Amino acid sequence: MSTSFIEILDLGLQPLSNNYLTNKTTNEFKYHLIAGINPETFLFTQKYEIDSSKMFNDNYSYRASMSATMRQHFSDIAIKIKDYTLNNVLEIGSNDGVFLKNWNTNSIVAVEPCKNFSDFTNSIGYKTYNEFWNTRTAEMLLEHHKKFEVIYSANCFCHIYNLNDAFNAIKSCLSPNGVFIFEDPSLLQMLYNNSYDQIYDEHPHIFSIFALQNIFKKLDLEIINVEPISVHGGSNRIYVSHKGCKPIQQTVFNTILLEKLYGLNTIDAYRLFSDRVAASKTQLTTLLSNCKDSGLKIISYGATSKSATIYNYCNIDNSIINYIIDTTPEKINKFSPGVHIPIKYYNEIDSSVNIAFLGAWNFISEIMQKEKNYINNNGRFITHVPNIKIL
Ligand code: TYD
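Residues numbered from 1 in each chain as written. Predicted model: local features only at pLDDT ≥ 70, side-chain atom pairs only at ≥ 80, totals over all residues. Heavy atoms only, no water.

A. Here's a closer look at the pattern of salt bridges. If you walk through the whole model with that rule in mind, you get eight salt bridges. Arg63 is the salt-bridge partner of Asp96, the closest N and O atoms lying 3.9 Å from each other. Of the two residues, Asp96 is situated in the loop between strand 4 (89–92) and strand 5 (108–111) and Arg63 in the loop between helix 1 (52–55) and helix 2 (68–81); the sequence distance between them amounts to 33 residues. Arg237 serves as the salt-bridge partner of Glu227, at 3.0 Å between the closest nitrogen and oxygen. (Salt bridge = Lys/Arg side-chain N within 4 Å of Asp/Glu carboxyl O. Helix = DSSP H or I, 4+ residues; strand = E, 2+ residues; numbered from the N terminus.)

Below is the structure:
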């Protein structure tokens, strides 16, 4: 438990969000998901730490390469990073190699805690250490490699509970003029969009630039640039260097100003968010129950971690949602965590379906493009972002 913590949001008992089950077990691990603020740094964080090895294991099911949007995203950032270095990159949290594949095998090294993925990327030639990212792993890396000119990490640091240790590990592995580039969901976007489903076991923190700056200050690291990016429902790409090494770009001051204008440095903004989350729950459960009572067939689109938070917080189960469709082989013919909704292989939305809840709302453009037939045949989507509506 965090030493200093102001409670904001109670999302109730939650399962491990990527723990897809082969049967409807009755003794699934659950924990009390309470999110709040560290009053010293204003880090938005969870009260209870979950053991990382429970979440990231040898058969982890989330694959970043499952959407065209993400494949394009990683290809684009790889091209950008080649302006900094062509051959001295470390990736932390390389998942199924969706970013690595944009590099020559001898120009990049990776660290990935899920063995199914590190085995795979090693098998296609990318040196991948099967480790969690921490100061011990950093020391081990430095026995085999020189310091890195670029360290890149996408959707990984918000997964790490002990940030001081993880950022100290970056500091020790980053060359004197090197740049650490990381991407994670934006707290400001989460509050704007009321996308409270960004909060689940694997996201112990959702970052504001304001809070990160408070943390980096103590470690002699400096945020030098921030780019808003659209992936994962609105993220920030954050560039960090050793203190005093590079000029700080105006984007950093502008982003922090925006965050402060929204009130991210006050507790009130978070209390209002908490009220909006409670209202979203009432509206969503009422709408889905009304649809069900009218005889409509409801499914869910995308077996996401995010939707696990919604279903478990709102008590939405198989009595409301017939099944979830998804393209990820590891999730098919399993049951969703906590509420045990069956997951089916995505082919095309069945013509008997009337409503599809957008579990993967962050891919709305890709999905709308793909599902023209369904929409033309009067199929409808429901989303909760930024408020409950039928599309
Ligand atoms: P993502 O939104 O990245 O999820 P998380 O909340 O777990 O971080 O994952 C998207 C999920 O949706 C993933 O399991 C793949 C699936 N998906 C489809 O099944 N079809 C699609 O067209 C898209 C875009 C995603």
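B. View of the packing of aromatic side chains. As enumerated under the stated definition, the model contains 23 aromatic pairs in all. Between Tyr60 and Phe117, the aromatic rings sit 6.2 Å apart at their centres with planes inclined by 85 degrees, giving edge-to-face as the arrangement. Placement of the pair is Tyr60 in the loop between helix 1 and helix 2 and Phe117 in helix 3 (residues 115–123), with a sequence separation of 57 residues. In this structure Phe117 comes out as buried when scored by relative accessible area, which is 4%. Between Tyr192 and Tyr262 the ring centres are 5.1 Å apart and the planes differ by 75 degrees, which places this aromatic pair in the edge-to-face class. (Phe/Tyr/Trp six-rings, centres within 6.5 Å; stacked < 30°, edge-to-face > 60°. Buried < 20%, exposed > 50% of the residue type's maximum accessible area, 1.4 Å probe, protein only.)

C. Focus on the packing of helix 7 (residues 209–217) against helix 8 (residues 250–262). At a closest axis distance of 8 Å, the pairing of helix 7 and helix 8 adopts a crossing angle of 120 degrees. Viewed along their axes, helix 7 and helix 8 adopt a mutual orientation that is oblique. Of helix 8, the residues touching helix 7 (which contributes Ile209, Phe210 and Gln213) are Val252, Thr255, Ile256, Glu259 and Lys260. (Axes fitted to C-alpha atoms, helices over the stretch in contact; angles between N-to-C directions. Parallel < 35°, antiparallel > 145°, perpendicular 65-115°, else oblique. Contact = heavy atoms within 4.5 Å.)

D. Region of interest: the pairing of strand 7 (residues 148–154). Here strand 7 lies mainly inside the structure; six of its seven residues are buried. In this sheet, strand 7 lies alongside strand 4 in parallel orientation, the contact comprising three bridges. Residue pairing in the sheet places Glu91 in a bridge with Tyr152 of strand 7. Here strand 7 runs beside strand 8 (residues 174–185); their pairing, made up of six bridges, is parallel. Its bridge partner lying in strand 8, Tyr152 is registered against Ile181. (Pairing = 2+ DSSP bridges.)

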